[in-house]
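# Summary of the model geometry
Given next are the chains, with one letter for each unit.
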Amino acid sequence: MGFQKLVSPSLKELFIENIEAMILSGELHEGDKLPPERQLAESTGVSRAVVNAGIVELSQRGFLEIRPRVGTFVTDYRRSGNMETLKSIISYNSGRLRNEEIRSILEVRDALDKLTVSCIIPRASDADMDVLREKVEAIGSAETAEEAAEAAFAFQHELAMLSGNTLVPLIFRSFYSSVTVLWKRYCALYGIDDLYRNNRILYQYILDRDLNGALQWVEHCTCMTISGNHQIYY
(Lines give C-alpha, C1' and ligand atoms only; values in the text may rest on other atoms or scores of the structure.)
Protein backbone atom coordinates (compact mmCIF):
# COMPACT_ATOMS: atom_id res chain seq x y z
CA MET A 1 0.00 0.00 0.00
CA GLY A 2 1.45 3.37 -1.02
CA PHE A 3 0.79 6.65 0.70
CA GLN A 4 1.17 10.06 -0.90
CA LYS A 5 3.52 12.56 0.62
CA LEU A 6 1.62 15.38 2.30
CA VAL A 7 2.72 18.87 1.37
CA SER A 8 1.41 21.91 3.22
CA PRO A 9 0.82 25.18 1.37
CA SER A 10 3.52 27.82 1.63
CA LEU A 11 2.86 31.12 3.36
CA LYS A 12 2.79 32.82 -0.04
CA GLU A 13 0.13 30.38 -1.28
CA LEU A 14 -1.94 30.97 1.86
CA PHE A 15 -1.63 34.73 1.45
CA ILE A 16 -2.70 34.49 -2.22
CA GLU A 17 -5.68 32.25 -1.35
CA ASN A 18 -6.75 34.70 1.34
CA ILE A 19 -6.70 37.74 -0.96
CA GLU A 20 -8.35 35.80 -3.81
CA ALA A 21 -11.14 34.69 -1.48
CA MET A 22 -11.74 38.26 -0.33
CA ILE A 23 -12.01 39.39 -3.97
CA LEU A 24 -14.16 36.50 -5.21
CA SER A 25 -16.49 36.71 -2.19
CA GLY A 26 -17.02 40.43 -2.74
CA GLU A 27 -15.33 41.50 0.49
CA LEU A 28 -12.83 43.39 -1.65
CA HIS A 29 -14.32 45.30 -4.58
CA GLU A 30 -12.97 46.53 -7.90
CA GLY A 31 -11.07 49.76 -7.30
CA ASP A 32 -10.36 49.08 -3.61
CA LYS A 33 -6.83 50.01 -2.56
CA LEU A 34 -4.91 47.47 -0.51
CA PRO A 35 -3.07 48.63 2.62
CA PRO A 36 0.70 49.16 2.29
CA GLU A 37 2.80 45.99 2.21
CA ARG A 38 4.20 46.62 5.69
CA GLN A 39 0.70 46.89 7.14
CA LEU A 40 -0.47 43.80 5.24
CA ALA A 41 2.51 41.86 6.58
CA GLU A 42 1.69 42.85 10.15
CA SER A 43 -2.02 42.07 9.89
CA THR A 44 -1.53 38.69 8.19
CA GLY A 45 1.46 37.62 10.28
CA VAL A 46 3.83 36.98 7.38
CA SER A 47 6.97 38.68 6.18
CA ARG A 48 6.94 41.64 3.83
CA ALA A 49 8.77 39.50 1.26
CA VAL A 50 5.86 37.01 1.30
CA VAL A 51 3.36 39.84 0.84
CA ASN A 52 5.36 41.34 -2.02
CA ALA A 53 5.70 38.00 -3.83
CA GLY A 54 2.01 37.28 -3.32
CA ILE A 55 0.93 40.65 -4.67
CA VAL A 56 3.11 40.21 -7.75
CA GLU A 57 1.54 36.82 -8.46
CA LEU A 58 -1.97 38.13 -7.85
CA SER A 59 -1.31 40.89 -10.37
CA GLN A 60 -0.16 38.26 -12.87
CA ARG A 61 -3.44 36.38 -12.29
CA GLY A 62 -5.40 39.54 -13.05
CA PHE A 63 -6.76 40.20 -9.56
CA LEU A 64 -4.59 43.19 -8.64
CA GLU A 65 -2.99 46.15 -10.38
CA ILE A 66 0.29 47.53 -9.05
CA ARG A 67 0.67 51.28 -9.64
CA PRO A 68 4.22 52.41 -8.82
CA ARG A 69 4.35 55.09 -6.11
CA VAL A 70 0.53 55.02 -5.89
CA GLY A 71 -0.46 51.63 -4.49
CA THR A 72 -2.04 48.26 -5.26
CA PHE A 73 -5.67 48.12 -6.40
CA VAL A 74 -8.28 45.40 -6.96
CA THR A 75 -9.04 45.05 -10.66
CA ASP A 76 -11.94 43.64 -12.66
CA TYR A 77 -10.52 40.14 -13.21
CA ARG A 78 -12.97 39.59 -16.08
CA ARG A 79 -11.06 42.24 -18.04
CA SER A 80 -7.51 41.60 -16.87
CA GLY A 81 -7.60 37.87 -16.11
CA ASN A 82 -6.18 34.85 -17.91
CA MET A 83 -6.18 31.06 -17.60
CA GLU A 84 -4.58 31.31 -14.14
CA THR A 85 -7.52 33.49 -13.08
CA LEU A 86 -9.92 30.83 -14.31
CA LYS A 87 -8.11 28.15 -12.30
CA SER A 88 -8.36 30.32 -9.18
CA ILE A 89 -12.09 30.84 -9.67
CA ILE A 90 -12.68 27.13 -10.16
CA SER A 91 -10.60 26.24 -7.08
CA TYR A 92 -12.26 28.91 -4.91
CA ASN A 93 -14.25 27.60 -1.93
CA SER A 94 -12.92 24.05 -2.44
CA GLY A 95 -14.44 23.86 -5.90
CA ARG A 96 -17.98 24.72 -4.72
CA LEU A 97 -19.16 27.01 -7.50
CA ARG A 98 -21.78 29.72 -7.27
CA ASN A 99 -24.79 29.61 -9.58
CA GLU A 100 -23.37 32.45 -11.67
CA GLU A 101 -20.16 30.48 -12.22
CA ILE A 102 -22.02 27.25 -13.00
CA ARG A 103 -24.09 29.04 -15.62
CA SER A 104 -20.97 30.65 -17.10
CA ILE A 105 -19.18 27.28 -17.33
CA LEU A 106 -22.18 25.67 -19.01
CA GLU A 107 -22.44 28.50 -21.53
CA VAL A 108 -18.74 28.26 -22.38
CA ARG A 109 -19.04 24.47 -22.64
CA ASP A 110 -21.94 24.95 -25.05
CA ALA A 111 -19.78 27.07 -27.34
CA LEU A 112 -16.82 24.69 -27.11
CA ASP A 113 -18.96 21.61 -27.78
CA LYS A 114 -20.50 23.24 -30.84
CA LEU A 115 -17.03 24.08 -32.12
CA THR A 116 -15.74 20.54 -31.59
CA VAL A 117 -18.63 18.78 -33.32
CA SER A 118 -18.42 21.24 -36.21
CA CYS A 119 -14.76 20.30 -36.65
CA ILE A 120 -15.12 16.56 -36.05
CA ILE A 121 -18.04 15.63 -38.28
CA PRO A 122 -16.39 16.53 -41.63
CA ARG A 123 -13.03 14.95 -40.78
CA ALA A 124 -13.40 12.08 -38.27
CA SER A 125 -12.31 8.64 -39.50
CA ASP A 126 -13.94 5.31 -38.73
CA ALA A 127 -11.12 4.66 -36.24
CA ASP A 128 -11.95 7.95 -34.50
CA MET A 129 -15.58 6.88 -34.26
CA ASP A 130 -14.54 3.59 -32.68
CA VAL A 131 -12.57 5.45 -30.01
CA LEU A 132 -15.52 7.72 -29.30
CA ARG A 133 -17.85 4.73 -29.03
CA GLU A 134 -15.59 3.10 -26.42
CA LYS A 135 -15.46 6.34 -24.46
CA VAL A 136 -19.22 6.87 -24.46
CA GLU A 137 -19.99 3.25 -23.57
CA ALA A 138 -17.70 3.59 -20.55
CA ILE A 139 -20.21 6.11 -19.17
CA GLY A 140 -23.02 3.59 -19.45
CA SER A 141 -21.04 0.87 -17.70
CA ALA A 142 -19.98 3.10 -14.80
CA GLU A 143 -21.15 1.86 -11.40
CA THR A 144 -20.74 5.07 -9.42
CA ALA A 145 -21.32 8.77 -10.04
CA GLU A 146 -17.57 9.35 -9.74
CA GLU A 147 -16.81 6.76 -12.44
CA ALA A 148 -19.53 8.18 -14.69
CA ALA A 149 -18.21 11.73 -14.29
CA GLU A 150 -14.66 10.63 -15.13
CA ALA A 151 -15.91 8.67 -18.16
CA ALA A 152 -17.99 11.62 -19.37
CA PHE A 153 -14.96 13.89 -19.07
CA ALA A 154 -12.85 11.37 -21.04
CA PHE A 155 -15.48 11.27 -23.81
CA GLN A 156 -15.79 15.06 -24.01
CA HIS A 157 -12.02 15.53 -23.88
CA GLU A 158 -11.62 13.04 -26.73
CA LEU A 159 -14.06 15.13 -28.75
CA ALA A 160 -11.85 18.15 -28.05
CA MET A 161 -8.75 16.22 -29.12
CA LEU A 162 -10.36 15.05 -32.37
CA SER A 163 -11.47 18.59 -33.23
CA GLY A 164 -7.97 19.33 -34.48
CA ASN A 165 -7.98 22.64 -32.60
CA THR A 166 -4.84 22.96 -30.49
CA LEU A 167 -6.32 25.15 -27.77
CA VAL A 168 -9.71 23.52 -27.17
CA PRO A 169 -8.33 20.43 -25.33
CA LEU A 170 -6.25 22.69 -23.07
CA ILE A 171 -9.20 24.96 -22.31
CA PHE A 172 -11.43 21.97 -21.66
CA ARG A 173 -8.79 20.40 -19.41
CA SER A 174 -8.77 23.53 -17.26
CA PHE A 175 -12.44 22.84 -16.45
CA TYR A 176 -11.69 19.32 -15.18
CA SER A 177 -12.39 19.90 -11.48
CA SER A 178 -15.56 21.91 -11.93
CA VAL A 179 -16.98 19.80 -14.76
CA THR A 180 -16.56 16.49 -12.91
CA VAL A 181 -18.16 17.99 -9.81
CA LEU A 182 -21.15 19.14 -11.88
CA TRP A 183 -21.50 15.75 -13.58
CA LYS A 184 -21.40 13.97 -10.21
CA ARG A 185 -24.19 16.24 -9.06
CA TYR A 186 -26.10 15.56 -12.29
CA CYS A 187 -25.83 11.81 -11.68
CA ALA A 188 -27.02 12.23 -8.10
CA LEU A 189 -30.06 14.17 -9.28
CA TYR A 190 -30.99 12.38 -12.49
CA GLY A 191 -28.98 9.16 -12.61
CA ILE A 192 -26.01 7.75 -14.52
CA ASP A 193 -28.30 6.40 -17.25
CA ASP A 194 -29.47 9.92 -18.09
CA LEU A 195 -25.90 11.20 -18.37
CA TYR A 196 -25.06 8.25 -20.60
CA ARG A 197 -28.14 8.82 -22.76
CA ASN A 198 -27.26 12.49 -23.39
CA ASN A 199 -23.72 11.66 -24.49
CA ARG A 200 -24.82 8.58 -26.45
CA ILE A 201 -27.28 10.66 -28.48
CA LEU A 202 -24.56 13.21 -29.25
CA TYR A 203 -22.25 10.40 -30.35
CA GLN A 204 -24.96 9.02 -32.65
CA TYR A 205 -25.40 12.40 -34.34
CA ILE A 206 -21.64 12.56 -34.89
CA LEU A 207 -21.56 8.98 -36.19
CA ASP A 208 -24.39 9.83 -38.63
CA ARG A 209 -22.49 12.96 -39.72
CA ASP A 210 -25.56 14.99 -38.79
CA LEU A 211 -24.11 18.40 -37.94
CA ASN A 212 -27.41 20.22 -37.47
CA GLY A 213 -28.72 17.45 -35.23
CA ALA A 214 -25.52 17.51 -33.12
CA LEU A 215 -25.58 21.29 -32.73
CA GLN A 216 -29.24 21.30 -31.75
CA TRP A 217 -28.68 18.50 -29.23
CA VAL A 218 -25.76 20.34 -27.60
CA GLU A 219 -27.92 23.45 -27.25
CA HIS A 220 -30.85 21.42 -25.93
CA CYS A 221 -28.71 19.79 -23.21
CA THR A 222 -27.25 23.15 -22.19
CA CYS A 223 -30.68 24.77 -21.94
CA MET A 224 -32.00 21.87 -19.88
CA THR A 225 -29.19 22.19 -17.32
CA ILE A 226 -29.39 25.99 -17.14
CA SER A 227 -33.13 26.69 -17.18
CA GLY A 228 -34.95 23.44 -17.95
CA ASN A 229 -36.02 20.50 -15.81
CA HIS A 230 -32.48 19.14 -15.44
CA GLN A 231 -30.90 22.12 -13.67
CA ILE A 232 -27.77 21.46 -11.62
CA TYR A 233 -27.60 24.71 -9.65
CA TYR A 234 -26.96 24.46 -5.94
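Residues numbered from 1 in each chain as written. Predicted model: local features only at pLDDT ≥ 70, side-chain atom pairs only at ≥ 80, totals over all residues. Heavy atoms only, no water.

On to the overall build of the chain. Counting secondary structure elements, the chain contains twelve helices and two strands. Tracing the chain from N to C terminus, the helices and strands come up as α-α-α-β-β-α-α-α-α-α-α-α-α-α. Across its three principal directions, the C-alpha atoms of the chain cover 65 × 45 × 35 Å. Per-residue burial for the chain yields a buried fraction of 40% across its 234 residues. Summed over all atoms, the accessible surface of the chain reaches about 13100 Å², with 51% contributed by carbon and sulfur. Between the mean site of the 25 positive side-chain charges and the mean site of the 32 negative ones, the chain shows a separation of 6 Å. (Helix = DSSP H or I, 4+ residues; strand = E, 2+ residues; numbered from the N terminus. Buried < 20%, exposed > 50% of the residue type's maximum accessible area, 1.4 Å probe, protein only. Areas by Shrake-Rupley, 256 points an atom, 1.4 Å probe, with all protein chains shown as cover. Lys, Arg positive; Asp, Glu negative; His and termini not counted. Charge placed at Lys NZ, Arg CZ, Asp CG, Glu CD.)

Side chains that differ in sign of charge can pair as their charged atoms come close. Taken as a whole and judged by the stated rule, the model has twelve salt bridges. Residues R48 and E37 are paired through a salt bridge, measuring 3.7 Å at the closest nitrogen-oxygen approach. Here E37 lies in helix α2 (residues 37–44) and R48 lies in helix α3 (residues 48–60), a separation of eleven residues in the sequence. Under the relative-accessibility criterion, E37 is labelled partly exposed at 21%. (Salt bridge = Lys/Arg side-chain N within 4 Å of Asp/Glu carboxyl O.)

Moving on, we get to the layout of surface pockets. Here the second largest pocket defines a volume of roughly 460 Å³. Surrounding the second largest pocket, 24 residues form its lining, W183, N198, C221, T222 and T225 being those nearest its centre. Mapped onto the lining of the second largest pocket, the elements with two or more residues apiece are α6 (99–123), α10 (176–190), α11 (192–207) and α12 (211–226). Broken down by element, the lining of the second largest pocket gets its largest block of residues, seven residues, from α12. Its residues assigned to classes, the lining of the second largest pocket shows 13 nonpolar, seven polar and four charged. (1 Å grid on protein atoms, 1.4 Å probe; cavity = no way out; pocket = protein on both sides within 12 Å on 5 of 7 lines; lining within 4 Å. Points joined across faces, edges and corners; volume = space filled by probe spheres on them. Nonpolar A, V, L, I, M, F, W, Y, C, P; charged D, E, K, R; others polar.)

As a further point, take the nonpolar core. Counting 37 residues, the largest nonpolar core has L132, F155, W183, L195, L202 and I206 as its most contacted members. Looking at this core, the elements that each hand over two or more residues are α6, α7 (126–140), α8 (145–162), α10, α11 and α12. Sorting elements by how many residues they give to this core places α8 first, with eight residues. When sequence neighbours within four positions are dropped, the list of residues in contact with W183 reads R109, A149, A152, F153, Q156, F172 and L195. (Core = buried A, V, L, I, M, F, W, Y, C linked by side-chain atoms within 4.5 Å. Contact = heavy atoms within 4.5 Å.)

With that out of the way, let us pick up α6. Compared with an ideal rise of 1.5 Å per residue, which puts 25 residues at 36 Å, α6 spans 36 Å between its outermost C-alpha atoms and is within 8% of the ideal. What α6 keeps buried is the set E101, I102, I105, L106, R109, D110, L112, D113, T116, V117, I120 and I121. (Expected span 1.5 Å × (residues − 1).)

Examined bridge by bridge, strand β1 (residues 64–67) and strand β2 (residues 71–74) share four bridges and lie antiparallel to one another. Pairing of L64 across the sheet is with V74, part of β2. Between β1 and β2, which pair antiparallel and follow one another directly, the connecting turn spans three residues, one of which, R69, has a positive phi of 65°. (Pairing = 2+ DSSP bridges.)

Another aspect to go through is the packing of aromatic side chains. In the structure shown here, the tally under the stated rule is four aromatic pairs. Aromatic pair F153 and Y176: ring centres 4.9 Å apart, planes at 85°, arrangement edge-to-face. Residue F153 is found in helix α8, and its partner Y176 is found in helix α10; the two are separated by 23 residues along the sequence. For F153, a relative accessible area of 3% translates into the label buried. For Y176, a relative accessible area of 25% puts it in the partly exposed group. Taken together, F153, F172 and Y176 form an aromatic cluster joined through their ring pairs. (Phe/Tyr/Trp six-rings, centres within 6.5 Å; stacked < 30°, edge-to-face > 60°.)

This next bit is on the packing of α8 against α10. Where α8 contacts α10, the axes come no closer than 8 Å and their chain directions differ by 130°. Comparing their axes, α10 and α8 come out oblique. Classified by chirality, the crossing of α10 by α8 is right-handed. In this structure, α8 uses A145, E146, A148, A149, E150, A152, F153 and Q156 to contact α10, whose residues at the interface are Y176, V179, T180, W183, K184 and C187. Of the residues contributing to the contact of α8 with α10, the split by class is nine nonpolar, two polar and three charged. (Axes fitted to C-alpha atoms, helices over the stretch in contact; angles between N-to-C directions. Parallel < 35°, antiparallel > 145°, perpendicular 65-115°, else oblique. Left-handed = near helix turned anticlockwise from the far one by under 90°.)

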